[in-house]
Amino acid sequence: MVPEIQGQMRRAFAIARKDIRIYYLKGPVIIFGVLSPSFLFLAFMIGRNLPVDFLIAGLLGMTIFFTSTSVTPVIAPTETQTRNLERLAAAPVSITTILIGDMLASVLFGMLISLVPILLGVMFGVGVAHPLVLAVAIVLAAFCFSAMGLVFSSTPTSMTSTVMMMSTMIKFPLVFLSGVFIPIHDLPAWGQALASISPLTYITDLCRYCFQGAGANYYSVPMNIFALVVFLVIFMVAAVKLHERSLPMRL
Amino acid sequence: MKNVTNMIVAEGLTKNYGELVAVDHIDLKVAGGEIFGFLGPNGAGKTTTVRMLTGIIRPTQGRIHIAGFDLLRDPIKAKEVMGVVPELSNAYTELSAWKNLQLMAELYGVPAKTAKARAEELLVRFGLHDRKDHKTKTFSKGMKQRLVIAMSLMSDPEILFLDEPTSGLDVMSARMIKDVLQELNNRGKTIFLTTHYMEEANQLCNRVAIINHGKIAAISPPEELKARIGGLGRLEVSFKSHVDSSDLRSISGVTDVRESGDKTYLYTDEPGTTIQHLVDYCRAGSIKIVTLNTLTPTLEDVFIKLTGNGRGMEEVAEVVTNGS
Ligand SMILES: Nc1ncnc2c1ncn2[C@@H]1O[C@H](COP(=O)(O)OP(=O)(O)OP(=O)(O)O)[C@@H](O)[C@H]1O
Ligand SMILES: [Mg+2]
């Protein structure tokens, strides 16, 4: 059993390398990954008198969210259309292996791009108070949002535009729920309740803790990490179940 | 791989798409080292069958064993022993030929060193070596198809499934692929081949199955099929001057006469004696023969008999009871 799992993991890495070569190492994908959260962020922040560390924490949370959910949703529909999926389905890899491969590539991408806001923060003199927690938070969030992207891609379509539209319709409202622009402390009770159902809330809260120090966070650090793990498990299980259903419909 | 005589075994294999029964309770056994041809008209259920046998889609009903592994229970093990060339498959167009081959090796757990050597060998064999670092989107159709076949061979599979591998290719590419299949078979590999080219099946296959409307109409070696179902032999004659076909009908042994272009076809049960009677007839009437050929039924004749004009199914019953 163990060697089999190892074998499947190695194959997942092979799929991740393929994804990176085909879908991630492209100028537009990388530029879009950096720019889109930055623009959205600026649009809401300009003219409001907020501390830089608060801004950077929010920007980092959003960057991980947008980059990690940017490419995973389109891989399955794209490969449906290019007819590469049938090749993969004939190979000795399980659907879970394929999805883990897609997720790993996305995690790596999310992690790398998240360096941009961190470096931006350093330039503005924002130090990281808790680097270890920040590292854990980034990795965990990247996994969590990549898995979320896989849930989006389970619609059995070959139209990437359909999937993109759907995922955008969910992603944008989530940003406004998640205490990115307004600290959770300042939200009304119903707003706090809504924020608690968004995974983005927890990573943003962790970023607040890491950049602004203890006291800036609303939830405790273990609570935040626990919440992200729970979301990751839910998204991953849902993605596997949904893709198992939809894969035969794509062929 | 387990030690079994039948590399592919399917029992009661069925696939429903809603109301449509695409594949209807078919049974198949393909022995190790056999080239098995799978023929049928468009929409007969060939691709659906191959997809089920290769674990790409789940059958609605039925059991499949590949090299002794239960495909539905142990899909990874079963898939590891087979190479697959799907009907409309593609390499990753954004990757080079080399990268595509290496990806296959990784997906099938081939050690890196073996993979490098094998990729070199296959690229040379398929005439793609000078283009190995080019993205495959720059490849022609024939080059792409050769690459897809090379990809399926990266794991040196014991069983190879190919769904119309030569469709739309030029004579040279098609011949190269046929030669490779023959070589693989000589090395003991089992091959399951779907094709619309009767002559290809006739040349390559130890046995062929003809499928129509999701049911198997016949399974036999091509020669046996031709002898049993192909119908009568015929003589193809070309006369120097026109000969009235009603006169030819009176020649002993001739059962039917048809004309087509400058050729006349005489249908007969005993081509040998009929030739003698024909020659006698011509000598008596001073008729000059330009050419004379004996035609035996082809696989195409068999195919048309079994699948043409919806007549297939009655004959199927007959064939099956004849014991195949
Ligand atoms: N995904 C699907 N959904 C619904 N019906 C399908 C699907 N795939 C195949 N079919 C139907 O199943 C039947 C058999 O199709 P299949 O592709 O197996 O034929 P085939 O023998 O491979 O034909 P061809 O020679 O044209 O490739 C057809 O009637 C087809 O319309
Ligand atoms: Mg087909």
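Details of the structure are given in the entry above.
Keep in mind that what you see is a predicted model, and the values were worked out from it rather than measured. (Residues numbered from 1 in each chain as written. Chains lettered and ligands numbered in written order. Predicted model: local features only at pLDDT ≥ 70, side-chain atom pairs only at ≥ 80, totals over all residues. Heavy atoms only, no water.)

Asker: What is the right way to read the overall build of chain B from this model?
Answerer: Of the regular secondary structure elements, chain B holds twelve helices and 14 strands. The principal-axis extents of the C-alpha atoms in chain B amount to approximately 75 × 45 × 35 Å. The buried share among the 324 residues of chain B stands at 52%. By sequence separation, contacts in chain B at least 24 residues apart represent 68% of the contacts at least 6 residues apart. Of the roughly 14800 Å² of accessible surface on chain B, 49% is carried by carbon and sulfur atoms. Distance from the positive charge centre (39 side chains) to the negative charge centre (40 side chains) of chain B: 7 Å. (Helix = DSSP H or I, 4+ residues; strand = E, 2+ residues; numbered from the N terminus. Buried < 20%, exposed > 50% of the residue type's maximum accessible area, 1.4 Å probe, protein only. Contact = heavy atoms within 4.5 Å. Areas by Shrake-Rupley, 256 points an atom, 1.4 Å probe, with all protein chains shown as cover. Lys, Arg positive; Asp, Glu negative; His and termini not counted. Charge placed at Lys NZ, Arg CZ, Asp CG, Glu CD.)

Asker: What is the right way to read the layout of surface pockets from this model?
Answerer: Summary: where empty space remains is shown by rolling a probe the size of a single water molecule over the atoms. Estimated volume of the largest pocket: approximately 470 Å³. Lining the largest pocket are 18 residues, and of these A:Ile95, B:Gly55, B:Arg58, B:Pro75 and B:Lys79 lie nearest its centre. Here the residues of the lining of the largest pocket sort into twelve nonpolar, three polar and three charged. (1 Å grid on protein atoms, 1.4 Å probe; cavity = no way out; pocket = protein on both sides within 12 Å on 5 of 7 lines; lining within 4 Å. Points joined across faces, edges and corners; volume = space filled by probe spheres on them. Nonpolar A, V, L, I, M, F, W, Y, C, P; charged D, E, K, R; others polar.)

Asker: I keep staring at empty space enclosed by the protein and nothing clicks. Help me out?
Answerer: Residue and element names in this part refer to chain A. Enumeration according to the criterion identifies three cavities of 30 Å³ or more in this entry. Roughly 130 Å³ of volume is contained in the largest cavity. For the largest cavity, the lining is made up of 14 residues, of which Ala76, Leu85, Ile98, Leu99 and His243 are closest to its centre. Elements with a contribution of two residues or more to the lining of the largest cavity: α4 (72–82), α6 (95–123) and α11 (221–250). Its residues assigned to classes, the lining of the largest cavity comprises eight nonpolar, three polar and three charged.

Asker: Just checking my understanding: could you explain a nonpolar patch on the surface for this structure?
Answerer: Residues and elements named next belong to chain A. On the surface, Ile31, Leu35, Phe39, Leu42 and Ile46 cluster together to form a nonpolar patch covering roughly 510 Å² of accessible area. By the element assignment, Phe39 lies in helix α2 (residues 27–45). Judged by relative accessible area, which is 54%, Phe39 ranks as exposed. (Patch = residues over 30% accessible without salt bridge, like charges linked within 9 Å, V, L, I, M, F, W, Y side chains within 5 Å. Salt bridge = Lys/Arg side-chain N within 4 Å of Asp/Glu carboxyl O.)

Asker: Just checking my understanding: could you explain the pattern of salt bridges for this structure?
Answerer: For side chains bearing opposite charge, pairing can occur when the charged atoms are close. Residue and element names in this part refer to chain B. Tallying each qualifying case throughout the model produces 24 salt bridges over all chains. In this structure, Glu94 and Lys135 form a salt bridge, with 3.4 Å as the shortest nitrogen-oxygen distance. Of this pair, Glu94 sits in the loop between β6 (82–85) and α3 (97–107) while Lys135 sits in the loop between α4 (112–125) and α5 (141–152), and the two are 41 residues apart along the sequence. Assessed through its relative accessible area of 26%, Glu94 is described here as partly exposed.

Asker: What exactly am I supposed to notice about the environment of B:Leu193 here?
Answerer: All names here are of chain B. Relative to the helices and strands, Leu193 is located in strand β8 (residues 190–194). Look at Leu193 and you get buried, because its relative accessible area is 0%. For the pair formed by Leu193 and Leu160, sequence separation is 33 residues and the distance between their alpha carbons is 8.2 Å.

Asker: Looking at this structure, I do not really get the interface of chain B and chain A. What am I missing?
Answerer: Interfaces are often sized by the amount of accessible area the parts lose when they come together. Taken residue by residue, the interface counts 27 residues in chain B and 23 residues in chain A. Here chain B meets chain A over a buried area of about 2400 Å², counting both sides, of which 60% is carbon and sulfur. For chain B, the biggest contributors to the area lost against chain A are B:Ile56, B:Tyr92 and B:Leu107; these three give 27% of the whole. With a closest N to O distance of 2.9 Å, B:Arg51 and A:Glu86 form a salt bridge. Joining chain B to chain A, the criterion identifies 13 residue pairs in polar contact (both at pLDDT 80 or more). Those elements giving two or more residues to the side of chain B that touches chain A turn out to be α2 (75–80), α3 and α5 of chain B. The element that contributes the greatest number of residues to the side of chain B that touches chain A is α3(B), accounting for five residues. Tallied by class, residues from the side of chain B that touches chain A come to 14 nonpolar, six polar and seven charged. (Buried area = accessible area lost by both parts, 1.4 Å probe. Polar contact = N/O pair within 3.5 Å; in protein donor to acceptor, adjacent residues only side chain to side chain.)

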